[in-house]
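Structural overview for review
Each chain, written out:
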Amino acid sequence: MTPQEIHDNLKAKFGDAIAEAKLDAMQPWIRINEQRVREVCLFLRDEPLFQFDYLMCLSGVDYNNGQIGAVYHLWSMVHKHKITLRSNCPKENSHIQSLSAVWGT
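Predicted model only: the values in this text are computed from it and were never measured.

Criteria and cut-off values
Residues numbered from 1 in each chain as written. Predicted model: local features only at pLDDT ≥ 70, side-chain atom pairs only at ≥ 80, totals over all residues. Heavy atoms only, no water. Phe/Tyr/Trp six-rings, centres within 6.5 Å; stacked < 30°, edge-to-face > 60°. Helix = DSSP H or I, 4+ residues; strand = E, 2+ residues; numbered from the N terminus. Buried < 20%, exposed > 50% of the residue type's maximum accessible area, 1.4 Å probe, protein only. Arc of directions from axis to C-beta. Contact = heavy atoms within 4.5 Å.

Taken as a whole and assessed by the stated rule, the structure comprises three aromatic pairs. Ring centres of phenylalanine 14 and phenylalanine 43 lie 5.4 Å apart, and the angle between their planes is 75°; on these two criteria the pair is classed as edge-to-face. You can see phenylalanine 14 sitting in helix H1 (residues 3-14) and its partner phenylalanine 43 sitting in helix H2 (residues 37-46), a full 29 residues away along the chain. The two residues phenylalanine 14 and phenylalanine 43 agree in class, both being buried. When the centroid spacing of 6.4 Å and the interplanar angle of 15° are considered together, the rings of phenylalanine 50 and phenylalanine 52 count as stacked. A relative accessible area of 0% means that phenylalanine 52 is categorised as buried.

Have a look at this one:
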């Protein structure tokens, strides 16, 4: 599945929770609203069309503009497709949902 197809499916299901995307990059990414990141990731893990069963890398980022974020590199062992997700929030009073119950690390 292409990054565009992944994005289109997520946008159709989650609407405004899919905030932004850069799909023509060397490492395409989709930004998810920080309040719905767990819901979206559970769907990506459990939906047979996607089966993102492996969290390859989890990084924290300070964008140096008052925002911090988490970056998730996902892989499907079954379908052999991948996508990068981003979730940002303000530095002040920051909170991004934990995904430790989605992919154990």
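From this point on, the discussion continues.
On to H2, then. Because each turn of an α-helix spans 3.6 residues, side chains separated by three or four positions in sequence point in the same direction. What H2 keeps buried is the set Val37, Val40, Cys41, Phe43 and Leu44. One side of H2 carries all its buried residues, which in axial view fall inside an arc of 155°. Residues of H2 that are buried make contact with H1, strand S1 (18-22), strand S2 (29-32), strand S4 (67-75) and strand S5 (82-90).

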